[in-house]
2 protein chains.
Amino acid sequence: MQHEREHTLKAFDQDLDRLRALISEMGGLAEHAIGEAMRCLVERDVAGARRIVQDDKKLDALEIETERRVVQLIALRAPMAGDLRDSVAALKISGVVERIGDYAKNIARRVPELQDVGHLEPLSLLPEMARIATHMVHDVLDAFVNRDAEAAVKVAERDQALDDFYDSIFRTLLTFMMEKPNNISHATQLLFVAKNLERVGDHATNIAEMVYYAATGGQMTERLEKAGAL
Amino acid sequence: MQHEREHTLKAFDQDLDRLRALISEMGGLAEHAIGEAMRCLVERDVAGARRIVQDDKKLDALEIETERRVVQLIALRAPMAGDLRDSVAALKISGVVERIGDYAKNIARRVPELQDVGHLEPLSLLPEMARIATHMVHDVLDAFVNRDAEAAVKVAERDQALDDFYDSIFRTLLTFMMEKPNNISHATQLLFVAKNLERVGDHATNIAEMVYYAATGGQMTERLEKAGAL
């Protein structure tokens, strides 16, 4: 009986490790998609942008695969407490990573709109914003794989800097539109791109909260309130 | 044994009914929040907008409650096939409804930005767009409660009309900005509101796909391809 229990535990851990690996893979694809979307935007690479939209299907398929495995895991192994929290976190995090991929797709879809435009000064700010956002995604998924609640808190704390960056780009774009009304249409595209990147940061923060809850059973907001950060 | 099996089945159905009721309740709150957010936007009701942001916490709590119940249901009753699909659909749909509530909150947060502005002509188009979007949410949740795959297809088919409405408002707002550069900042707020409403329609369509899969085990996209709609 003792032996059987250990066997079940080990099988559960292996299943969970496979789930973590799947989610890391999804995270890698989503990060790459955002980086690529920004490159296509800057270089007006319409064919590359089309590939990003196509490739998003891989993320959709991996999300379905994760869901199937999590449901199987819960139904067959009936995990308790921390293990159950981890399993549900995997399900939810894969859904959020899939949505992060959707933002990359949204950005890629704007590339044709900018195809015939010359130099757009505010565009140069966006790749740096994208780097901050994708680093947050990368680090929060690392925190999930390592069950590291404190690393998750650190990611969540970086969201404010990204929001400030967004506010600054937003003001820059508004000024740009007022000065060059001919560019309103293109600047609007960049406004939506900036908003998409700000949302990527929000989603990384949501994942951070899920990682924190899975690892500790407590709410991150309470941890931040105690530290006086909220 | 036969008697026990029937007892389990009945208990499962009751659990599932309670889940459906929870999700209907969430849907009602989300619909109301969007309608209220539009009213606050039109009437510049900043206090009302603040209440919407506050009330969004109810949706967050109901999502957590739904998640808890679904996980318990899967772990305790190990449902199979259609029942398992229904349980997972409930979990995922509650997540999407919570995000629809977030869009209402986003819209409400823009109300103070428009506080001191006089008449903004394009604003008059937005409440109608909001009505179309919230009707989609209402009808797709009814389809979930009734396990009605065809009703879900009908909701998904309405998303194109909402997208067309959005495109038209988008163009109207761009023209408005070019003609009145002083209003660029306010028009930008309305642009984001229109985008939020368009996303509400996308989410209703996502739910329609979940309802279709839960009820039939097949993918809605394949059903639409066969009908020549895609």
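Scroll up to find the structure.
Residues numbered from 1 in each chain as written. Chains lettered and ligands numbered in written order. Predicted model: local features only at pLDDT ≥ 70, side-chain atom pairs only at ≥ 80, totals over all residues. Heavy atoms only, no water.

K.L.:
I'd like a rundown of the packing of helix α4 (residues 126-145) of chain A against helix α5 (residues 149-157) of chain A, residues and numbers included.
P.N.:
Residues and elements named next belong to chain A. Where α4 meets α5, the axes come as close as 8 Å, and the angle between the chain directions of the two elements is 160°. Relative to α5, the element α4 is oriented roughly antiparallel. Between α4 and α5 the crossing geometry is left-handed. Residues Met136, Asp139, Val140 and Ala143 of α4 touch α5, and the partners they reach there are Ala151, Ala152 and Val155. Residue composition of the contact of α4 with α5, by class: 6 nonpolar, no polar and 1 charged. (Axes fitted to C-alpha atoms, helices over the stretch in contact; angles between N-to-C directions. Helix = DSSP H or I, 4+ residues; strand = E, 2+ residues; numbered from the N terminus. Parallel < 35°, antiparallel > 145°, perpendicular 65-115°, else oblique. Left-handed = near helix turned anticlockwise from the far one by under 90°. Contact = heavy atoms within 4.5 Å. Nonpolar A, V, L, I, M, F, W, Y, C, P; charged D, E, K, R; others polar.)

K.L.:
Could you give me a rundown of the nonpolar core, with the residues and numbers involved?
P.N.:
Inside soluble globular proteins, nonpolar side chains tend to come together where they are buried. Of all hydrophobic cores here, the largest spans 162 residues; its most connected members are Ile93 of chain A together with Ile93 of chain B. Excluding its chain neighbours within four sequence positions, the residues that come into contact with isoleucine 93 of chain A are Ile23, Leu141, Phe144, Ile207, Met210 and Val211 of chain A. (Core = buried A, V, L, I, M, F, W, Y, C linked by side-chain atoms within 4.5 Å. Buried < 20%, exposed > 50% of the residue type's maximum accessible area, 1.4 Å probe, protein only.)

K.L.:
Please give an account of the interface of chain A and chain B that cites residues and values.
P.N.:
The interface is formed by 24 residues belonging to chain A together with 24 residues belonging to chain B. Each partner contributes to the roughly 2300 Å² buried at the junction of chain A and chain B, and carbon and sulfur atoms together form 72% of this total. Together, Val71, Ile184 and Phe192 of chain A form the three largest contributors to the area buried by chain A at its contact with chain B, with a combined 21%. At the junction of chain A with chain B, the criterion picks out 2 residue pairs in polar contact (both at pLDDT 80 or more). Where the side of chain A that touches chain B is concerned, the elements lending two or more residues are α2 (46-77), α3 (81-109), α6 (159-179) and α7 (184-216) of chain A. For the side of chain A that touches chain B, the leading source of residues is α7 of chain A, giving 7 residues. For the side of chain A that touches chain B, a count of residues per class yields 16 nonpolar, 3 polar and 5 charged. (Buried area = accessible area lost by both parts, 1.4 Å probe. Polar contact = N/O pair within 3.5 Å; in protein donor to acceptor, adjacent residues only side chain to side chain.)

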